[in-house]
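# Inside the fold
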Protein chains: 2
Amino acid sequence: MNPSHLLGPVLVLGSGLLGASIGLGLRARGIDVVLSDPSPSAQAVAVDIGAGRAFDAAETLVPELVVVAAPPDVTAQVVAGALLRYPSAVVVDIASVKASVLNELTAREDITEKDLSRYVGTHPMAGRERSGPVAARGELFNSMPWVLCPSEQSTAHALKVAHSLAIDLDAVVFRFSPEEHDGAVALVSHLPQVMASLVASRLQETPSNALSLSGNGLRDVTRIAASDPSLWVQILGANAPQLLEILKGVRTDLDRLINTLSAPTAPGARLDLAQLMAEGNAGQSRIPGKHGGPAQQYSWLTVLVDDKPGQIARLLTEIGEIGVNLEDLRLDHSAGLQVGMVELSVLPSRRVLLVDELTARGWKVIQ
Amino acid sequence: MNPSHLLGPVLVLGSGLLGASIGLGLRARGIDVVLSDPSPSAQAVAVDIGAGRAFDAAETLVPELVVVAAPPDVTAQVVAGALLRYPSAVVVDIASVKASVLNELTAREDITEKDLSRYVGTHPMAGRERSGPVAARGELFNSMPWVLCPSEQSTAHALKVAHSLAIDLDAVVFRFSPEEHDGAVALVSHLPQVMASLVASRLQETPSNALSLSGNGLRDVTRIAASDPSLWVQILGANAPQLLEILKGVRTDLDRLINTLSAPTAPGARLDLAQLMAEGNAGQSRIPGKHGGPAQQYSWLTVLVDDKPGQIARLLTEIGEIGVNLEDLRLDHSAGLQVGMVELSVLPSRRVLLVDELTARGWKVIQ
């Protein structure tokens, strides 16, 4: 393992999933981590799992870095407290929205420009399937984007320390201004979240037999509608201005679509629908492909497997033997019987070979 | 293989992906299939791949069943032609919307009630990743839903033959009235399609650095925005009334959300946002789980793998050795570096064992 970039100690304020994961990751690099959480039990659990040592008010702590891992609502307040209490520390936060935190800090009368120069807003974009310190993993940020959003006041030193945090946790560093960041996440994260919820909320009173026809399309569009409301209420509230502009654009398109569907045989109706679909095609194709590279056109095939343990492993092993690289893989759950459907994505030039070889080996290639 | 239910011959009108796949599937059961397509090359390809024998106008064909696999726009017309030309045949279609086809048929002066009694609308809900006869597979319908939508005029015999078609192609049969069907697919298929396109179309002019923060949420919500416009324009047009009602409901919710975000700190704003998220949670949890069973709560974990061939196969093989059943599997493409992220879903009671065992075997469990 490379030597760490941070020297420590690092004080982590908030030992939920993210704070405790940060602690674990830094401890794995031998960095001294001190944990503090308003909830004694959350703090105790985080200490128990090895995320750091418990904060001790009697200790004279001079942290190199303070990481504020508090809920978005109280982040600015906790950052301010840390800037004032640790006058030589760099302070970062990890909240999902950046401009609102910075604005709140800037508006505070107790925070000077010099204090603010030691603050860098950041946003690690790591998974949130679970919550709480029990779910923490030091590798949580491994290869995930970590966005650094220095303000105009942030010093080069503060940015360097923030950068070191992300690097020591093996993240991929991005740099945006706070406003750019909020605009970007409004589009790539908050918009899909609310749209998924809007679709899913339509299903509340659907007769179950209608839902029995659900396919992967519905599942994909509504997957993130299972998200935790309490966190998202804070995020959406904090990024309201950016999201609002985007949603107004969506509403304009939706109005146009509703108009068109009100008179579907009118001249131009077909063209309107085709245009919406084509614009969707165009936008979707701009999403980066695997590993952030250009969106690549892969070819898909679907293989039916018995729903017995080890079947998918066997299929993948044989694909390895055949010598075709798998670009992507998904399971289809629309099927009614006890079968599994595996969707495989390969380079277009390899598809025929793979289909022929799998078929020859007795696999059922459905499409 | 069980003996087939259909006796044949079966005349398939339209030898694109679906028609040719039907042909292949029935030929595999030894049923005599005759193919006809307005495009001589599409017909020739379908014959070449073994989907059936070419239609011969000189032959006196007395089909048991005529399957109309034409585009939605011309389906009713082709059904009518078949009902008139083959007065003893059952005629089915496979278009994605049912009421519009039936209404168009019923309105025709050349079609009597007796003719109509031999017609059953159906809808096989099978994958559409590819198109054209070259992509056809006899197993396309294997374990996929096939909805039968008899009208009030359909005879029991006609329904039986339609049922036999679906069974002989190993599909899972559902039965809906035409209106019930259209309402169901409007919700579970057409709504997610247009919403995905509405989200994706917002990305057309996004700066690429914003898109570099794209995660699985955006990818999931916009995946089906890559759909083929020409087909969808016909489907949306034909099912406009059902979809319209649903979209008006969405627009009401969107208006409410936009209002709330315009004053995010107003009293009640938080509650509004929480309510939208909670309704999304509730709707999403009603979508059936694996194999159509109740929506089950599974536990997820994420494992990092080197992006080398065979890694995922090795991981799955070891999971098989550990003895934990994999409920679902997805690849995460947000990562920037040359790593693969595999998301695994297991029964909650098995999660700890799996995490411990994988970690002991040297796998990097991120979350």
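Figured I'd write up the structure that's included with this text. (Residues numbered from 1 in each chain as written. Chains lettered and ligands numbered in written order. Predicted model: local features only at pLDDT ≥ 70, side-chain atom pairs only at ≥ 80, totals over all residues. Heavy atoms only, no water.)

### Quick word on the relation of the copies chain B and chain A
A rotation about an axis combined with a shift along that same axis relates the two copies of the chain. The cut-off we apply is this: For this overlay, a least-squares fit was computed on C-alpha atoms, restricted to residues scoring pLDDT of at least 70 in both copies. In this description, contact between two residues means that some pair of their heavy atoms is separated by no more than 4.5 Å.
Structural alignment of chain B on chain A gives an RMSD of 0.1 Å, achieved by rotating through 180° and translating 0.0 Å along the axis. The relationship between the two copies is best expressed as a two-fold rotation axis. Looking at the rotation axis and the C-alpha trace of chain B, the residue lying nearest is V221(B), at 2.1 Å. Both copies share a contact surface, since 100% of the interface residues of chain B are interface residues in chain A too.

### A word on helix α12 (residues 269-284) of chain B
Quick reminder of the rule: For the purposes of this entry, the term helix denotes a DSSP run of H or I that reaches at least four residues, the term strand denotes a run of E that reaches at least two, and both are numbered from the N terminus. For a helix, the expected span equals 1.5 Å multiplied by the number of residues minus one. To sort residues, take the accessible area from a 1.4 Å probe on protein chains only and compare it with the maximum for the residue type: under 20% means buried, over 50% means exposed, and anything in between is partly exposed. In this description, one arc is meant: the one made by directions from the helix axis to the C-beta atoms.
Over its 16 residues, α12(B) extends 23 Å from the first C-alpha to the last, a length consistent with the 22 Å expected when each residue adds 1.5 Å. Among the residues making up α12(B), those that are buried are A269(B), L273(B), L276(B), M277(B), E279(B), G280(B), G283(B) and Q284(B). Projected down its long axis, α12(B) shows its buried positions confined to an angular sector of 155°, all on one face. Packed against the buried residues of α12(B) are α7 (178-201), α9 (216-222) and α10 (229-238) of chain A together with α11 (240-262) of chain B.

### Some points on the nonpolar core
To keep things clear, this is the line we draw: Residues grouped as a nonpolar core are buried Ala, Val, Leu, Ile, Met, Phe, Trp, Tyr and Cys residues, joined through side-chain atoms within 4.5 Å.
In this structure, L191(A), M195(A), L247(A), L191(B), M195(B) and L247(B) are the most contacted members of the largest nonpolar core, which totals 84 residues. Beyond its immediate chain neighbours, meaning those up to four positions away, L247(A) contacts L191(A), V194(A), L254(B), L257(B), I258(B) and L261(B). Core analysis: the next-biggest nonpolar cluster, separate from the first, contains 42 residues, L354(A), V305(B), I319(B) and I322(B) among them.

### As for the interface of chain B and chain A
In plain terms, the rule: The term buried area refers to how much accessible surface (probe radius 1.4 Å) is lost by two components on association, counted for both of them together. One speaks of a salt bridge when a side-chain nitrogen belonging to Lys or Arg is within 4 Å of a carboxyl oxygen belonging to Asp or Glu. Any pair of nitrogen or oxygen atoms within 3.5 Å is treated as a polar contact; in protein, a donor-acceptor pairing is required on top of that, and neighbouring residues in sequence qualify only through side-chain atoms on both sides.
In this assembly, 129 residues from chain B lie in contact with 130 residues from chain A. Interface area for chain B against chain A, summed over the two sides, is near 12,100 Å², with a carbon-plus-sulfur share of 66%. The interface formed by chain B and chain A includes eight salt bridges. Close ionic contact of R270(B) with D73(A) constitutes a salt bridge, the shortest N to O distance being 2.8 Å. Seen at the junction of chain B and chain A, the total is 24 residue pairs in polar contact (both at pLDDT 80 or more).

### Things to note about the sheet that holds strand β8 (residues 172-175) of chain A
All names here are of chain A. We count it as follows: Each pair of strands is called paired provided DSSP finds at least two bridges between the two strands.
With mixed pairing, the eight strands of this open sheet are ordered in space as β3-β2-β1-β4-β5-β6-β7-β8. In this open sheet, the two edge strands, each paired with only one partner strand, are β3 (53-54) and β8. Pairing analysis gives four bridges linking strand β1 (residues 10-13) to strand β4 (residues 65-68), with the strands arranged parallel. From the neighbouring strand, L11 faces β4, where its bridge partner is V66.

### Details of the pairing of strand β9 (residues 299-306) of chain B
In summary, the side chains of a regular strand alternate between the two faces of the sheet. All names here are of chain B. In terms of residue burial, β9 counts as a mostly covered element, since six of its eight residues are buried. The pairing of β9 with strand β12 (residues 364-365) spans two bridges and is classified as antiparallel. Residue L304 lies in a different strand from β12, and its bridge partner there is K364.

### A short note on unusual backbone geometry
Here the amide bond leading from G8(A) into P9(A) is cis, since omega sits at -5°, within 30 degrees of zero. With respect to the secondary-structure elements, P9(A) resides in the segment before β1. Within the chain, S143(B) stands out as a residue other than glycine whose phi angle is a positive 70°. If you trace the backbone, S143(B) turns up in the loop between β6 (119-124) and β7 (145-150). Classification of S143(B) as buried rests on a relative accessible area of 1%. A positive phi angle, near 60°, is found at D170(B), a position not held by glycine. We classify D170(B) as partly exposed; its relative accessible area is 34%.

### Describing the packing of aromatic side chains
Residues and elements named next belong to chain B. The criterion, for reference: Centres within 6.5 Å are what make two rings of Phe, Tyr or Trp a pair, Trp counting through its six-membered ring; a difference in plane orientation under 30 degrees is then read as stacked, over 60 as edge-to-face, and the rest as tilted.
Scanning the entire structure with this criterion turns up two aromatic pairs over all chains. With a centroid separation of 5.0 Å and an interplanar angle of 45°, the aromatic rings of F141 and W146 are classed as tilted. One exposure class covers both F141 and W146, and it is buried.

### As for the sheet that holds β7(B)
Residues and elements named next belong to chain B. We count it as follows: The axes are straight lines fitted to the C-alpha atoms, using for helices just the contacting stretch, and the angles between their N-to-C directions are given from 0 to 180°.
Taken in spatial order, the eight strands line up as β3-β2-β1-β4-β5-β6-β7-β8 in an open sheet, and their pairing is mixed. Pairing within the sheet leaves two strands with one partner each, and these edge strands are β3 (53-54) and β8 (172-175). Sheet topology note: the strand β2 (residues 33-36)/β3 ladder contains two bridges and is parallel. In the sheet register, V34 faces β3, and the bridge partner there is R53. Strand contacts of helix α2 (residues 40-48): β2 and β3, with the helix running at about 155° to β2, the strand carrying the most contacts. Against the sheet, helix α3 (residues 72-85) contacts β1 (10-13), β4 (65-68), β5 (90-93) and β6, and its axis sits at roughly 170° relative to β5.

### Some points on the packing of α10(A) against α12(B)
Worth spelling out the cut-off: For classification, angles of less than 35 degrees are called roughly parallel, those exceeding 145 degrees roughly antiparallel, those between 65 and 115 degrees roughly perpendicular, and all remaining angles oblique. Helix crossings are classified by the rotation of the near helix relative to the far one: an anticlockwise turn of less than a right angle makes the crossing left-handed, while a clockwise turn makes it right-handed. Amino acids outside the nonpolar list (Ala, Val, Leu, Ile, Met, Phe, Trp, Tyr, Cys, Pro) and the charged list (Asp, Glu, Lys, Arg) are all regarded as polar, and Gly is one of them.
Close contact between α10(A) and α12(B) brings their axes to 9 Å; oriented N to C, the two are set at 130°. Taken together, α10(A) and α12(B) sit at an angle that is classed as oblique. Of the two possible hands of crossing, α10(A) and α12(B) adopt the one that is right-handed. Across from P229(A), W232(A), V233(A), Q234(A), L236(A) and G237(A) in α10(A), the residues of α12(B) making contact are R270(B), L273(B), A274(B), M277(B), A278(B) and N281(B). Per-class residue counts for the contact of α10(A) with α12(B) are eight nonpolar, three polar and one charged.

### Considering the packing of helix α11 (residues 240-262) of chain A against α11(B)
At a minimum axis separation of 10 Å, α11(A) and α11(B) run at an interaxial angle of 155°. Here α11(B) runs roughly antiparallel to α11(A), going by the angle between their axes. Handedness of the α11(A)/α11(B) crossing: left-handed. Of the residues in the contact of α11(A) with α11(B), the class split is 18 nonpolar, two polar and six charged.

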